[in-house]
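Tertiary structure, described
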Amino acid sequence: MKKIVIIINIIILISVCININNSKAANKEIDYTETLETFNNPERGFYTPVYIKYNETNNKLISESDAKKNLIHLRLDIGAFSKAVNGKNDIELTQNMLESFEQTLKLIKSNGGTAIIRFAYTFEGEKNKEPSMEMLLTHIRQLCPIITRNQEVISYIELGFFGSWGEMHSSDICTQENVKKALDTMLENTPKNIKIGVRQPQYYAYWAGIERSKINENITTPEMTSYRIGLYNDGYLGSESDLGTFKNREVEIQWLEKQALHTLYGGEVVANYAQGTPLNTVKYMSEEAFRTHTSYLNGIYNDKVIDSWKSEKYDGTDELYKGQTGYTYIANHLGYRFVLRKSSISETIKQNEKLSIELNIENVGFGNLVNNKIATLILSKDDKIYEIKTNLDATKLNSKEITKIKFDIELPDGIETGNWNVYLRISQYGNIKNDNNYLCIRFANNGDIWNKTLGANYIGKINIQEKENIANNETESDGNNNLNNDILNEVTNNINDNTQNKVDNTISKNSYPKTGKNSILMTGIGLILIIISWMILYKKK
């Protein structure tokens, strides 16, 4: 009898455990491995340089073909408004020029792209072509309202204005004090979410009032103006100092390790001028680019270096890319690259129960998503679509980390029964009915999880059944389609070290998914049966 009771107990315990967990299961139809495919995502990758030379009148827009590129580097020449170029007077930017600039940004947006912008008074390599400092600041103030109105199109501002090609050298007025004035003017007249790069760490250090030799000790937070300032590097990997970009490479890269998590960093790779081992190789970049969080590079210059990447085979630590070209490895890793590693979702729930979702997302890219997007969940069935906003901040999906995310959501009021597909959508506006899928982010998974029509990534399916009539008149959901905002981030800071640091970002009081009334009822029955069986055993003794 004793053995029978023990067996009964085991059976009951197993059935209880199954009941507790059967409401959610890992989705086996999703391939959780990374694809080798190279594809576009917003605000990262190899850019297309586009030059526009502005005049007082009769200005042209960006060409239709250039406007269709994913990431555009706008190199905007306003030398015609400087006495040093026009030979007459320093003059303000004309309305025709300003309107042309704004229409170019709108055209890029209409084609689904974004731009990095840089203004300069010459792109011909000449010296001292700037207007007076007073007029230069006036030009910045004139441009800022257009930047503000079109901020979603602008991935990054490279400060420019000083020196040949806007590279902040070869100019008598390119002093640290004048750069500080220009940077302050840009910061004061543009939205807080706009990030601005300077050409060398020395300009940041002077602006921030810190010693350049101790720049690695400088840590910024979102409420600080300094959080917005980054670096752009047109001497990328050209020498031990990146052609004068760095003074103490290690110290200044330690600063970038933190600062470039939330500001874009990139530029142009150049030919090798190193005195020792070349830096502009796939091997060197595959290590340092994770530290500097490199997000973008010129796609056509330096063409000889880029061609060498295309002929060189990757031979680093990432087994997936062994035997692939170095160019493929770099192209895929510039900026962020999200891979869905796990998706567990409620299989069957009632209309008045919560949908529980658990996701593991790994960012295998060099950098982070810098400009925040809106994360939404899409429920799709036939021609019916619901979009539910979440509080997931995709900029916190850090490079070389796995983030675990838990959602508990109220189903939309009146949602019909049946099988629904569920997607995670990360986009600029989070409004699938009206946003034309602007700046949607695709996950880098093998298989077919990307839905181009929805601009969203498939994470599973759910069977919704008719809600039960509750005798005690239990209050139902208010149907506001809002997420309960239960987000738990579990971060792997260093995948190779297998060291996990748990970061609890829970927003609501309910930290764990609910299993539903049926599971709770079965659990209670199971516990009662266990108690009864042990009482029988006790009496037998």
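As a reminder, the structure under discussion sits directly above these lines.
For every chain, the first residue of its written sequence is number 1, and the numbers climb from 1 along that sequence. In view of the model being predicted, local features appear only for residues whose pLDDT reaches at least 70, and side-chain atom pairs are presented and counted only at 80 or more, with totals across whole chains, interfaces and linings using the full set of residues. In computing side-chain properties, one takes all heavy atoms of the structure into account and sets aside hydrogens as well as water.

Looking now at helix α9 (residues 282-292). Every α-helix winds through 3.6 residues per turn, so residues three or four apart in the chain are directed the same way. The buried label applies to any residue whose accessible area, calculated with a 1.4 Å probe on protein chains only, is under 20% of its type's maximum; exposed applies above 50%, and partly exposed to all values in between. By definition, any uninterrupted DSSP run of H or I lasting at least four residues is a helix, any uninterrupted run of E lasting at least two residues is a strand, and each is numbered from the N terminus. Along α9, the residues classified as buried are V282, M285, S286, E288, A289, F290 and T292. We call two residues in contact when some of their heavy atoms are within 4.5 Å. Buried residues belonging to α9 abut β7 (229-236), α8 (249-259), β8 (265-269), β9 (296-298), α10 (303-311) and α11 (326-333). Immediately beyond the C-terminal end of α9, within one or two residues, lies H293, with a positive phi of roughly 55 degrees.

Before going further, it helps to examine the packing of α10 against α11. In a pair of packed helices, the angle between the axes and the distance between the axes together describe the arrangement. Two elements in contact, α10 and α11, have axes whose closest approach is 5 Å; the angle formed by their N-to-C orientations is 110 degrees. In terms of axis orientation, α10 runs roughly perpendicular to α11. Counted together, I306, W309 and K310 of α10 and G326, Y327 and I330 of α11 form the full contact between these two elements. Class assignment of the residues belonging to the contact of α10 with α11 gives a composition of four nonpolar, one polar and one charged. Each axis is a line fitted through C-alpha atoms, and for a helix only the stretch in contact is used; angles between axes span 0 to 180 degrees, taken between their N-to-C directions. Each angle receives one of four descriptions, namely roughly parallel if under 35 degrees, roughly antiparallel if over 145, roughly perpendicular if within 65 to 115, and oblique otherwise. Each residue gets one label: Ala, Val, Leu, Ile, Met, Phe, Trp, Tyr, Cys and Pro are nonpolar, Asp, Glu, Lys and Arg are charged, and the others, such as Gly, are polar.

This part is about helix α6 (residues 176-188). Helix span is expected to be 1.5 Å times the residue number reduced by one. A rise of 1.5 Å per residue sets the reference length of α6, with its 13 residues, at 18 Å; its end C-alpha atoms lie 18 Å apart and thus fit the reference within 8%. Within α6, the full set of buried residues consists of N178, V179, A182, L183, D184, T185, M186 and L187. Summarising the contacts, the buried residues of α6 are in contact with α5 (133-149), β5 (154-158), β6 (196-198), α7 (201-208) and β7.

Looking now at the pairing of strand β2 (residues 45-53). For a regular strand, the rule is simple: side chains alternate between the two faces of the sheet. Sheet analysis places β2 next to β9, joined by three bridges and oriented parallel. Paired with Y47 across the two strands is N298, which belongs to β9. Should DSSP find at least two bridges between two strands, the strands are taken to pair. The pairing of β2 with strand β3 (residues 71-77) spans six bridges and is parallel. Bridge pairing in β3 links Y51 to R75.

What follows concerns the side chain of E362. Checked against the element boundaries, E362 lands in strand β12 (residues 354-363). Residue E362 is classed as buried on the basis of its relative accessible area of 10%. Definition of a polar contact: a pair of N or O atoms within 3.5 Å, with one able to donate and the other able to accept a hydrogen when the atoms are protein atoms, and with sequence-neighbouring residues admitted only if both atoms are side-chain atoms. Within polar-contact distance, the side chain of E362 engages the side chain of R341 at 2.8 Å.

What follows is about the packing of aromatic side chains. Stacked, edge-to-face and tilted are the three classes for Phe, Tyr and Trp ring pairs, Trp counted by its six-membered ring, which pair at centre distances within 6.5 Å; planes under 30 degrees apart are stacked, over 60 edge-to-face, the rest tilted. Scanning all chains against the criterion turns up 20 aromatic pairs. Centroid distance Y204 to W255: 4.8 Å. Interplanar angle 40 degrees. Geometry classified as tilted. Taken together, the residues span a long stretch of sequence, with Y204 in helix α7 and W255 in helix α8 at a distance of 51 residues. Members of the aromatic cluster, each reached through a chain of ring pairs, are F290, Y314, Y321, Y329 and F366. The criterion is that NZ of a Lys, or CZ of an Arg, lies within 6 Å of the ring centre and within 35 degrees of the ring normal, and then a charge sits over that ring. Here K109 stacks its cationic end above the ring of Y438, 5.8 Å away from the centre of that ring.

So, to be careful, I would describe these as geometric facts and stop short of saying anything about function.
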